[in-house]
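# Structural overview for review
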Amino acid sequence: MQNIEFLGNDIFRIVSQVAKESGVRAYVIGGYVRDCFLGRHCKDIDIVVEGSGIEIAAKAAAKVGSKLSVFKRFGTAMFKYKGMEIEFVGARKESYRSDSRNPIVENGTLEDDQKRRDFTINALAFSLQEEDFGNLVDPFNGVKDLQAGLIRTPLDPDTTYSDDPLRMIRAIRFASQLSFTIVPESLASIARNKERLGILSRERISDELHKILLSPKPSVGFKLLEQTGLLPKILPQISNLKGVEMVDGKGHKDNFAHTLQVVDNVAEKSDNLWLRWAALLHDIGKPQTKRFEPSVGWTFHSHDYIGAKMVPGIFKQLKMPLNEKMKYVQKLVQLHLRPIALVQDEVTDSAIRRLLFDAGDDIDDLMTLCEADITSKNDKVVIKHKNNFALVKQKLVEVEEKDAIRNFKNPITGEMIMARYNIPPCREIGEIKEYIKNAILDGKIENDVNQAYALMEQKAAEIGLGDASL
Ligand code: ATP
Ligand code: MG
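Assigned secondary structure in the protein consists of 24 helices and 15 strands. Against the globule reference of 23 Å for 470 residues, the protein gives a C-alpha radius of gyration of 29 Å, more extended than a compact globule. Taken along its principal axes, the extent of the C-alpha atoms in the protein is 95 × 65 × 40 Å. Residue burial in the protein is summarised as follows: out of 470 residues, 49% are buried. Relative to all contacts within the protein whose residues are 6 or more apart in sequence, the contacts with residues 24 or more apart total 66%. Element-wise, carbon and sulfur atoms account for 50% of the exposed surface of the protein, whose accessible area totals about 22700 Å². Within the protein, the 67 negative side-chain charges are centred at a point lying 3 Å from the centre of the 66 positive side-chain charges.

Shown next as structure tokens:
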């Protein structure tokens with residue numbers, strides 16, 4: 001028996017038994033089989049049944065005592081067992097209309113079902129029949145493509161991609177995740193079918209973008225998106241970064257190439273998806289702010305500020321949540337120049353305190369982004385910047401130890417001011433608190449309640465509050 005080592009979980013024997021009793025054939029299919037051959041861990045198992053997937057799922061779930069979830073509309077059902085999610089579907093034969101990705105579905109054989117899979121490497125199946133348990137069913141030579149590292153559609157790529165255009169982005173996602181190559185005829189077909197992206201929901205697109213960003217070297221995916229012409233349809237703000245303009249023989253760096261380098265640099269240091277998004281978006285303000293100033297050359301003044309303002313629009317356009325993740329990305333885009341600006345100026349404690357205050361708990365991520373942003377063709381420049389950068393890092397640690405600014409809480413609260421001067425909530429309270437905060441950040445007083453209280457008295461007297469309690 002072949003591939004038996006991949007089918008060690010007893011669920012496979014149980015499904016095999018249930019299918020036999022019901023007189024239908026069942027197979028493990030898709031991602032699970034692919035990942036077995038790649039040696040990747042996979043906790044989703046997809047089972048395809050030549051018959052009713054829901055019925056076999058119900059019987060298997062009953063046998064192992066798991067709770068079944070049925071999705072009638074999709075003809076699927078799933079349950080959890082020993083940490084795995086097992087999903088069942090009836091084998092399908094599909095045809096698509098050109099104006100929608102909702103297929104007309106009929107029951108079919110295993111091979112019909114394999115034909116409507118996206119790639120040969122995702123169309124592999126293991127038999128669960130007792131007589132040939134574990135037998136590989138591979139009508140499109142998927143294992144050969146797996147070994148050669150190729151992404152290829154089982155049918156003519158124009159058919160596969162046009163039927164469900166998401167597959168074009170999935171092809172690029174798998175190329176990026178697995179370092180595989182999309183075969184030339186498939187790549188050409190993606191470029192030809194790019195208009196079909198219009199029928200996709202934006203959530204499905206952003207799910208794939210997340211996976212590209214989470215891959216080991218995200219630039220692989222973004223270069224392919226650009227090369228095939230998909231990127232201007234999905235994220236025009238990123239493809240707008242492309243190109244080098246020349247004036248008086250002076251060019252600026254290609255901000256698309258630079259951005260991808262920064263994303264790859266961040267990916268080496270962190271698997272935080274939203275930090276990777278921040279890296280992707282950190283320079284999106286550049287095209288709008290680009291100027292040529294004869295005395296200094298190319299400048300991008302305020303691109304940090306403009307870029308941060310563009311972030312919510314991009315999240316909305318991709319139907320990504322406008323929650324604290326968006327705010328985090330926005331904040332990092334806004335602050336991405338600050339640590340490097342410190343490197344160039346004299347590094348004062350108060351500048352460090354300001355940075356700690358503005359970044360708060362995201363300071364480490366900001367430093368990761370900022371360090372990743374140091375790219376230059378000139379190695380000497382990179383080394384010099386990185387050394388200065390290390391100094392700023394060191395200072396951050398020292399100042400934070402001394403002054404605890406990172407989670408800054410004003411030692412003087414509104415309640416304290418109201419009680420001391422016997423006043424209701426009013427503008428002056430904010431004024432005093434702001435004054436104390438700035439005094440601490442500027443190093444005029446320490447982050448200490450007694451010193452802050454004395455300063456409060458002083459400021460209150462100055463604005464005519466001190467007498468109120470007398
Ligand atoms: P991952 O779980 O890493 O996202 P996967 O290949 O397992 O990758 P799933 O979305 O879990 O992707 O889908 C499981 C299987 O379903 C795939 O291996 C493939 O056979 C099939 N599949 C998924 N999406 C599509 C699609 N858009 N078109 C055709 N087949 C698809
Ligand atoms: Mg999967």
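Looking now at the nonpolar core. One finds L235, W277 and L281 to be the most contacted residues of the largest nonpolar core, which totals 129 residues. The contact partners of L281, leaving out residues within four places of it in the chain, are I238, V311, I314, F315, V329 and V333.

Around ligand 1, 14 residues are found, and the nearest of them are R34, N122, D164, R167 and K211. For ligand 1, an oxygen atom lies 2.8 Å from a polar atom in the backbone of N122. Here an oxygen atom of ligand 1 sits 3.1 Å away from a polar atom, N or O, in the side chain of R173. About the coverage of ligand 1: the protein hides 75% of its 580 Å² of free accessible area. Of all the elements in the fold, those that place two or more residues in the shell around ligand 1 are α2 (31-38) and α7 (166-178). For the shell around ligand 1, the element with the highest residue contribution is α7, accounting for four residues. Residues of the shell around ligand 1, tallied by class, amount to one nonpolar, three polar and ten charged. Counting residues domain by domain, the shell around ligand 1 receives three or more from each of domain 1 (4-148) and domain 2 (149-234).

Bringing the pattern of salt bridges into the picture now. Scanning the model with the defined rule gives 37 salt bridges in all. Between K395 and D349 there is a salt bridge, with its nearest N and O atoms 3.3 Å apart. Taken together, the residues K395 in helix α21 (residues 379-403) and D349 in helix α19 (residues 349-359) connect sequence positions 46 residues apart. The partly exposed category is assigned to D349, whose relative accessible area is 25%. For the salt bridge of E431 with R427, the shortest nitrogen-to-oxygen distance reads 2.8 Å. Remark: R427 and E431 occur in helix α23 (residues 427-441); sequence separation between them is four residues, near one turn of the helix. By relative accessible area, which is 28% here, E431 ends up partly exposed. Linked by salt bridges that have partners in common, D349, R353, K395, K402 and D403 make up one network.

Turning our eyes to something else, we now look at helix α16 (residues 303-317). End to end, α16 covers 20 Å across 15 residues, agreeing with the expected 21 Å (1.5 Å per residue, within 8%). At V311, α16 shows its maximal kink, close to 30°; a proline, P312, follows between one and four residues later. Those residues of α16 that fall on the buried side of the exposure criterion are H303, D304, G307, A308, M310, V311, I314 and F315. If you follow the buried residues of α16, they end up packed against α12 (236-239), α14 (273-281), α15 (286-289) and α17 (324-335). Downstream of α16 by a residue or two, K319 has a phi angle that is positive, lying close to 50°.

Further remarks concern the domain arrangement of the protein. As assigned here, the protein comprises domain 1 (4-148), domain 2 (149-234) and domain 3 (414-462). Computed over C-alpha atoms only, the centres of domain 2 and domain 3 are separated by 57 Å.

Let us now look at the pairing of strand β4 (residues 76-81). Here β4 lies mainly inside the structure; five of its six residues are buried. Note that strand β3 (residues 69-71) and β4 share three bridges and pair antiparallel. Paired with S69 across the two strands is M78, which belongs to β4. Counted between consecutive antiparallel strands, the loop separating β3 from β4 contains four residues, among which G75 sits at a positive phi close to 65°. Linking β4 to strand β5 (residues 84-90), which pair antiparallel, is a turn of two residues; within it K82 sits at a positive phi near 45°.

Before going further, it helps to spend a moment on the packing of aromatic side chains. Summed over all chains, the structure comprises ten aromatic pairs. Both rings, one in F12 and one in Y32, keep their centres 5.6 Å apart while their planes meet at 50°; by these two values the pair is tilted. With F12 in helix α1 (residues 11-22) and Y32 in helix α2, this residue pair connects regions lying 20 residues apart in the sequence. The two residues F12 and Y32 agree in class, both being buried. Each ring, one from W274 and one from F315, has its centre 5.8 Å from the other, and the planes form 35°; the classification is tilted. Residue W274 is located in helix α14, and its partner F315 is located in helix α16; the two are separated by 41 residues in the primary sequence. One exposure class covers both W274 and F315, and it is buried.

Here is what the cut-offs are and how they apply
- Residues numbered from 1 in each chain as written.
- Chains lettered and ligands numbered in written order.
- Predicted model: local features only at pLDDT ≥ 70, side-chain atom pairs only at ≥ 80, totals over all residues.
- Heavy atoms only, no water.
- Helix = DSSP H or I, 4+ residues; strand = E, 2+ residues; numbered from the N terminus.
- Rg over C-alpha atoms; globule rule 2.2 N^0.38 Å.
- Buried < 20%, exposed > 50% of the residue type's maximum accessible area, 1.4 Å probe, protein only.
- Contact = heavy atoms within 4.5 Å.
- Areas by Shrake-Rupley, 256 points an atom, 1.4 Å probe, with all protein chains shown as cover.
- Lys, Arg positive; Asp, Glu negative; His and termini not counted.
- Charge placed at Lys NZ, Arg CZ, Asp CG, Glu CD.
- Core = buried A, V, L, I, M, F, W, Y, C linked by side-chain atoms within 4.5 Å.
- Near = heavy atom within 4 Å.
- Polar contact = N/O pair within 3.5 Å; in protein donor to acceptor, adjacent residues only side chain to side chain.
- Nonpolar A, V, L, I, M, F, W, Y, C, P; charged D, E, K, R; others polar.
- Domains from an automatic or database assignment.
- Salt bridge = Lys/Arg side-chain N within 4 Å of Asp/Glu carboxyl O.
- Expected span 1.5 Å × (residues − 1).
- Bend = angle between axes of the 7 residues up to and from the residue.
- Pairing = 2+ DSSP bridges.
- Phe/Tyr/Trp six-rings, centres within 6.5 Å; stacked < 30°, edge-to-face > 60°.

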